[in-house]
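# A structural walkthrough
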Amino acid sequence: GIDYLPLGTDKPVSAFLGENGAGKTTLAIALIYALLPDRKVLNVRPISDIKDSSAQRQDSLMGRIDPELGYAYVAMDIQTRTGTRLVAGINLLIHNHRLHITPFTVQSVPSGMDLFDLFNIPDGDQVYTPELSELKRHAARMGLDCHSYENDHGQYYKALHDAGILPT
C-alpha cells in the first residue's frame, strides 16, 4: 500500500499510527529486512500471520509486494560517520513464486539528490521504478556506484558497519 514514503527522525522513539491495512507492519518488516536481510538468520512473521492458519504456508513478505510489478525496494538514507551519504537497502523480487532478497548500496550520494530521483526514471510524462539491474545502470549514468550483494550478506553488513550502523 506504500508507493513512496520518505521518513526521517532524530528522535529516540518513533510511533506509527494508522488504520488496519495502512502499512504499519509492512513498514516495520521492511526496515528489519533492510538491516538484516538474511532470512536464514531472521524470518519475521507478524502475529496475525501466525494466528491465521491459512497464512501459515504463505510468504508474508512476498504477499506485500504488488504482484503486477513483482518487485519492490526498501532503502535507508544514511549519513555515515565520515559525513558522506550512503543509501543501503534491499530489492525484493518475486521469481518462480519465490521471494529473493538482494541487499544493495549506493555510495557517496550527493547531499542534494532526492531518493525519488535515484529510484525513479522519467519516461515521457511518466516515471517508473526500474528493476535492480536497470537501477544500477541508472545510478552509473548519474556517476554513482550501486553495488548489489546477492550472495554476500557479509559485505553488505560491513558497508553498514563502516557507515556507523550496527544491525544486531
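Residues numbered from 1 in each chain as written. Predicted model: local features only at pLDDT ≥ 70, side-chain atom pairs only at ≥ 80, totals over all residues. Heavy atoms only, no water.

## Considerations on the overall build of the chain
From N to C terminus, the chain includes 5 helices and 6 strands. Listing each helix as α and each strand as β along the chain from the N terminus yields α-α-β-β-β-α-β-β-α-β-α. Going through the 168 residues of the chain one by one, you find that 35% of them count as buried. Within the chain, residue pairs in contact and separated by at least 24 positions form 51% of the contacts whose partners lie at least 6 positions apart. A total of about 10900 Å² of accessible surface is found on the chain, and carbon and sulfur atoms cover 51% of it. (Helix = DSSP H or I, 4+ residues; strand = E, 2+ residues; numbered from the N terminus. Buried < 20%, exposed > 50% of the residue type's maximum accessible area, 1.4 Å probe, protein only. Contact = heavy atoms within 4.5 Å. Areas by Shrake-Rupley, 256 points an atom, 1.4 Å probe, with all protein chains shown as cover.)

## Considering the environment of T105
Locating T105 in the fold gives a position in strand 3 (residues 98-107). For T105, a relative accessible area of 0% corresponds to the buried category. Of the polar contacts made by the side chain of T105, one reaches the side chain of Y149; its length is 2.9 Å. (Polar contact = N/O pair within 3.5 Å; in protein donor to acceptor, adjacent residues only side chain to side chain.)

## With respect to the pattern of salt bridges
Taken as a whole, this structure holds 2 salt bridges when the rule is applied. A salt bridge links D77 to R85, with the shortest nitrogen-to-oxygen separation between them at 2.7 Å. Since its relative accessible area comes to 40%, D77 is described here as partly exposed. K158 is the salt-bridge partner of D162, the closest N and O atoms lying 2.8 Å from each other. Taken together, the residues span about one helical turn, with D162 and K158 both in helix 5 (residues 153-163) at a distance of 4 residues. Classification of D162 by relative accessible area gives partly exposed; the value is 41%. By relative accessible area, K158 is classed as partly exposed at 44%. (Salt bridge = Lys/Arg side-chain N within 4 Å of Asp/Glu carboxyl O.)

## Focus: the pairing of strand 3
Across the 10 residues of strand 3, 7 count as buried, placing the element largely inside the fold. Relative to strand 3, strand 2 (residues 85-95) runs antiparallel, the two sharing 9 bridges. Bridge pairing links N91 to T102 in strand 3. The hairpin formed by strand 2 and strand 3 contains 2 residues between the paired strands, and N96 there has a positive phi angle of roughly 55 degrees. (Pairing = 2+ DSSP bridges.)

## Some words on the packing of aromatic side chains
By the definition in use, this model includes 6 aromatic pairs. Centroid distance F104 to F119: 6.0 Å. Interplanar angle 65 degrees. Geometry classified as edge-to-face. In this pair, F104 sits in strand 3 while F119 sits in helix 3 (residues 115-119), placing the two residues 15 residues apart along the sequence. For F104, a relative accessible area of 0% puts it in the buried group. An angle of 55 degrees between the planes, with centres 6.2 Å apart, marks the rings of Y156 and Y157 as tilted. (Phe/Tyr/Trp six-rings, centres within 6.5 Å; stacked < 30°, edge-to-face > 60°.)

Purely geometric stuff here, so don't read any function into it on its own.
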